[in-house]
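# Summary of the model geometry
One-letter residues, chain by chain:
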Amino acid sequence: MKVSDYVVDFLVSKGITHVFEVCGGALAHLLDSLYGRNDISVVSMHHEMAASMAAEGYSRASENFGVAMATSGPGATNMITGIGSCFFDSIPCLFITGQVNTYEFKFDRPVRQIGFQETDIANIVRPLTKKATLITEENKIRYYLEESISIAKKARSGPVLIDIPLNIQRGFINPTSLESYSEKTTQIADAIDICVLQDVVNLIKSSKRPVVIAGGGIRLSKAKNVLLEFISKTGIPVVTSLMGLDSFPHDHPLFAGMIGTYGNRYANLTVANSDLVLALGTRLDTRQTGTRPDTFARGARIVHVDIDPSELNNKVKADCIINADVKKFLTELIELDFEFNKNRILPWLGKIEQFKDRYPAFATPAGDAIEPNHFMHILSDFLPDDAIICVDIGQNQMWAAQSLVIKGTQRFLTQGGMACMGSALPMAIGACFAKPGKTVVVIAGDGGIQLSLQELQTVYHHNLPIKIIMLNNKCYGMVRQFQEQYFNRRFQSTVIGYSNPNFQDVVKAYRIDAMKISCNAETSSALHKLFSNQRPMFLEVDIAMESKVAPKLSVNRPIEDQDPFLPREELKSNLFIDMLAEPETL
Ligand SMILES: Cc1ncc(C[n+]2csc(CCOP(=O)(O)OP(=O)(O)O)c2C)c(N)n1
Ligand SMILES: [Mg+2]
């Protein structure tokens, strides 16, 4: 049997339905093995970055793993950004690259290149993958495929790459006599120490202002339902990180918003004031804690649970660290069957409601102009309970995160660590193939969409029911806002030197229906139209260039003190903890 046929059979046996790729000579045999198959399909993208991110979207949406393929040299290097995104956000994904024949590969000879487009991609992506392997023997194909998938999916999950030279692709093997990979035993202890769990129970019982921070790990460990169970048992309010945004329903009475630099003010106040933080499956990144982690939740005992031991006691020092899968932690905690008197935290819940009333995530605009946070709130009403919302990078991402009401089984897919402009559209394409029939929405800005515009052709070609909503502020808004705050409005390269095409014309050139709105009165009917059919559609939403993401945490401020700043007396009246002195340097 040909090795390339074996690779395709292997993917099918793992439940893979689609492979995202851009062709090239070094992929020739793998592509040929995909020809005419009816158990797996090829989705030909128009840029390898998009192929890598479509695989990422497929993986995020399917909760299996995605596969992208590219040719050697530029094809392989173009995938690096998607590979890195999977690494930072713990997304299991298999990247397959074609390589020149092993007899044309330089190995350790002191030349730059021997074969045409020869590029040592495995070594290049090693710091961005859990494992990157150049295959030099046909008979190792089964071993490395099995090993790679096992490593990719095992917590903490992430991307793997397999580089397959042409002569290996076309080589012949006897599939029944191939070496297989047997998984090594996991290093995580089987049961969590009962004394540690008991300590956590005691902390919960004695706390008056507890809060759960749900991170991306809740989704990754499939702990959404057990988290809901834990919350209904204890009545503890929940905030999420950006990555954890879809791990708890926003219409739940105990949902208290998203925390962080661009977090909801009420969410940040909740964490700042808490006396017990249960941080579950979150790395407590600087974007969540602010630039001074020592000031973060400084009145609270912190219990930090994470599958990755290196993330524990990393930026934030916790009182109790537990290296475990969060699903396992929550399940074992619930099994202890402890009683928790919910009444003791009623005043705390009342306070959180007060914060929500006082500092809502959006306001109804006074004039005609579209206010992005308000727009997101209206949009939520149109989204089916199982919609997959793919969100790009920039102000648009933060408005969506602050004000969409994520409910039912809705997904919110966005890149956290890599945060690459132009990622939402290809991720949506991947999500569409992973979950056919679901409404898939893209939210992007005018700057970001241009990095993936060519993929409108993929959308058209497959008639994917993707609803693209582009917020047009005619600039790189997120960086412009930064320049306004810290660079005295010197808008180099965000406004100066930046321009847009006529998006309506461009989108129509791809034979996709396009609409545009510029005032509030048009919003509802446009959204109605957008979601009235199963065709791809594009909605351009004109917003003011000056639109800001607010609130926003400035450098050196603790999370409770976001910009626009509250009068000091008002901030003080919101705090159960001591107010910090003004920072000396901003
Ligand atoms: C590939 C890439 N290049 C640069 C950046 C830095 N960056 C972050 S947000 C942003 C501006 C995004 O502009 P736009 O897509 O119009 O969104 P807006 O902030 O205006 O909503 C830039 C340039 C990035 N995240 N990704
Ligand atoms: Mg913009």
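Anyway, here's the lowdown on the structure attached to this text. (Residues numbered from 1 in each chain as written. Chains lettered and ligands numbered in written order. Predicted model: local features only at pLDDT ≥ 70, side-chain atom pairs only at ≥ 80, totals over all residues. Heavy atoms only, no water.)

## Some details on the site of ligand 1
Put simply, the rule reads: Proximity is defined per residue: any heavy atom of the residue falling within 4 Å of a molecule or strand makes that residue near it. Whenever two N or O atoms come within 3.5 Å, that pair is a polar contact, provided that in protein one can donate a hydrogen and the other can accept it, and provided that, for residues adjacent in sequence, both atoms are side-chain atoms. With residues, only the protein chains shown are counted as cover, and all accessible areas are computed by Shrake-Rupley using a 1.4 Å probe. Helix and strand definitions here come from DSSP, where helices need a minimum of 4 consecutive H or I residues and strands a minimum of 2 consecutive E residues; each element is numbered from the N-terminal end. Under the convention adopted here, Pro, Cys and the residues Ala, Val, Leu, Ile, Met, Phe, Trp and Tyr are nonpolar, Asp, Glu, Lys and Arg are charged, and Gly plus all remaining residues are polar.
Lining the immediate surroundings of ligand 1 are 18 residues, of which Gln395, Ala419, Gly447, Gly448 and Gly477 lie closest. Here Gln395 contributes a backbone N or O atom positioned 2.8 Å from an oxygen atom of ligand 1. Here Gly447 contributes a backbone N or O atom positioned 2.8 Å from an oxygen atom of ligand 1. Look at ligand 1: alone it shows 580 Å² of surface, and the protein chains cover 77% of it. Listing elements by their share of the shell around ligand 1, those giving two or more residues are helix 17 (395-403), helix 19 (446-449) and helix 21 (477-486). Split by residue class, the shell around ligand 1 holds nine nonpolar, eight polar and one charged.

## Topic: a positive patch on the surface
This is how it is decided: A residue counts toward a patch only above 30% relative accessible area and without a salt bridge, and it is joined to like-charged neighbours within 9 Å or, for Val, Leu, Ile, Met, Phe, Trp and Tyr, to nonpolar neighbours within 5 Å. Whenever a carboxyl oxygen of Asp or Glu lies within 4 Å of a side-chain nitrogen of Lys or Arg, that contact is scored as a salt bridge. Under this rule, positive means Lys or Arg and negative means Asp or Glu; His and the chain ends count for nothing. Lys charges are placed at NZ, Arg charges at CZ, Asp charges at CG and Glu charges at CD. Residue exposure (1.4 Å probe, protein chains only): buried if accessible area is under 20% of the type maximum, exposed if over 50%, otherwise partly exposed.
Together, Lys14, Lys153, Lys222 and Lys327 make up a positively charged patch on the protein surface. Mapped onto the elements of the fold, Lys327 is located in helix 14 (residues 326-335). By relative accessible area, which is 36% here, Lys327 ends up partly exposed.

## A closer look at the coordination of the magnesium ion (ligand 2)
Ideal values differ by geometry: the angle at a metal is 109.5 degrees with four tetrahedral donors, but 90 or 180 degrees with six octahedral donors. To be explicit about the condition: Coordination here is defined by N, O and S atoms within 2.8 Å of the metal (3.2 Å for Na, K and Ca), and since water is not considered, a site can look incomplete.
Distances from the magnesium ion (ligand 2) to its protein donors, Asp446 (OD), Asn473 (OD1) and Cys475 (O), fall within 2.1 to 2.2 Å. Positions of the donor residues of the magnesium ion (ligand 2) along the chain correspond to the pattern D-x26-N-x1-C. You can see Asp446 sitting in helix 19 and its partner Asn473 sitting in the loop between strand 16 (466-472) and helix 21, a full 27 residues away along the chain. Across the pair, exposure class does not vary: Asp446 and Asn473 are buried alike.

## Remarks on the side chain of His374
Cut-off, in case you're wondering: Contacts: residue pairs with any heavy atoms within 4.5 Å of one another.
With respect to the helices and strands, His374 occurs in helix 16 (residues 372-382). If we skip the residues at most four places from it in the chain, His374 touches Phe362, Ala363, Thr364, Pro365 and Asn520.

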